[in-house]
Amino acid sequence: QVQVVESGGGLVQAGGSLRLSCAASGSVFRINVKGWYRQAPGKQRELVALINNDGSTNYADSVKGRVTISRDNAKNSVYLQMNRPKPEDTAVYYCNAEVTYGLGVKSNYWGQGTQVTVSS
């Protein structure tokens, strides 16, 4: 069984900072925690940040310059540092992981999400 668990959400003032963590675990061949998405009320889930196997990163235009994604491969963990958050960053943040089973079979897993609320 694979588990993807996010933590670190909560209420933060605009202009403050927040750090989200995601840890994945399971008895599988490989776990690749890929990045963060978010979903605001009434909106579709959208990409926030991805970190690739070579360490390169991709960010949504709306968060560039304010958000940094990092990873710890030994812990199958990914982190999202949010600086100067804005009220429009309020959403449930989800972590996404790609799991590889034997024979190269892959599957995507999502965490349960962590709520981030930014007050103005």
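Everything here concerns the structure above.
S.K.: Could you give an account of the nonpolar core, naming the residues involved and the relevant values?
M.R.: Within the largest apolar cluster, 28 residues are counted, with the highest numbers of intra-cluster contacts made by L20, V33, W36, L80 and Y93. Mapped onto this core, the elements with two or more residues apiece are strand 1 (2–7), strand 3 (17–26), strand 4 (30–39), strand 5 (46–51), strand 7 (67–72), strand 8 (77–83), strand 9 (91–100) and strand 11 (114–119).

S.K.: Residues and numbers for the pairing of strand 4, please.
M.R.: Pairing of strand 4 with strand 9, which is carried by 9 bridges, proceeds in the antiparallel orientation. The residue bridging Q39 from the neighbouring strand is V92, located in strand 9. One ladder, built from 4 bridges, connects strand 4 with strand 5; its direction is antiparallel. Looking at strand 5, one finds that G35 is bridged to L50. The hairpin turn running from strand 4 into strand 5, its antiparallel successor, is 6 residues long, and G42 in that turn takes a positive phi close to 75°.

S.K.: Can you break down the pattern of salt bridges residue by residue, with the values?
M.R.: Per the stated rule, a full pass over the model turns up 5 salt bridges. We note a salt bridge from R38 to D89, for which the minimum N-O separation is 2.9 Å. With a gap of 51 residues between them, R38 in strand 4 and D89 in the loop between strand 8 and strand 9 connect regions that are remote in the sequence. Of the residues examined, D89 reaches a relative accessible area of 2% and is grouped as buried. Note that D89 is salt-bridged to R66, the shortest N-O span being 2.7 Å.

S.K.: Describe the side chain of T114, and please don't skip the residues or the numbers.
M.R.: Relative to the assigned elements, T114 resides in strand 11. Side-chain polar atoms of T114 contact the backbone nitrogen of G9, separated by 3.2 Å. Sequence-distant contacts of T114, that is, excluding residues within four places in its chain, are made with E6, S7, G8, G9, L20, A91, V92 and Y93.

S.K.: Requested: an account of the environment of N83, with residues and values cited.
M.R.: Within the element layout of this structure, N83 appears in strand 8. Classification of N83 as partly exposed rests on a relative accessible area of 30%. Excluding anything up to four places from it in sequence, N83 contacts G16, S17 and R66. At 3.1 Å, the side chain of N83 forms a polar contact with the side chain of Q81.

Scoring rules and cut-offs
- Position labels on residues start from 1 in each chain and follow its written sequence.
- For this predicted model, a pLDDT threshold of at least 70 governs which residues receive local features, and a threshold of 80 or more governs which side-chain atom pairs are given and counted, while totals over whole chains, interfaces and linings are taken from all residues.
- Hydrogens and water molecules were not included; the side-chain quantities draw on all heavy atoms of the structure.
- Among buried residues, those of type Ala, Val, Leu, Ile, Met, Phe, Trp, Tyr and Cys that are joined through side-chain atoms within 4.5 Å constitute a nonpolar core.
- Think of it in three bands: residues with accessible area under 20% of the maximum for their type are buried, residues over 50% are exposed, and the middle band is partly exposed, with areas taken using a 1.4 Å probe on protein chains only.
- Where helices and strands are cited, they refer to DSSP runs of H or I of at least four residues and of E of at least two residues respectively, numbered from the N terminus.
- Pairing between strands requires that DSSP locate at least two bridges from one strand to the other.
- Take a side-chain nitrogen of Lys or Arg and a carboxyl oxygen of Asp or Glu: if they are within 4 Å of each other, that pair is a salt bridge.
- Under this definition, polar contacts are N or O atom pairs within 3.5 Å; protein pairs additionally need one hydrogen-donor-capable and one acceptor-capable atom, and for neighbouring residues in sequence, both atoms have to be side-chain atoms.
- Any two residues whose heavy atoms approach within 4.5 Å at even a single point are treated as in contact.

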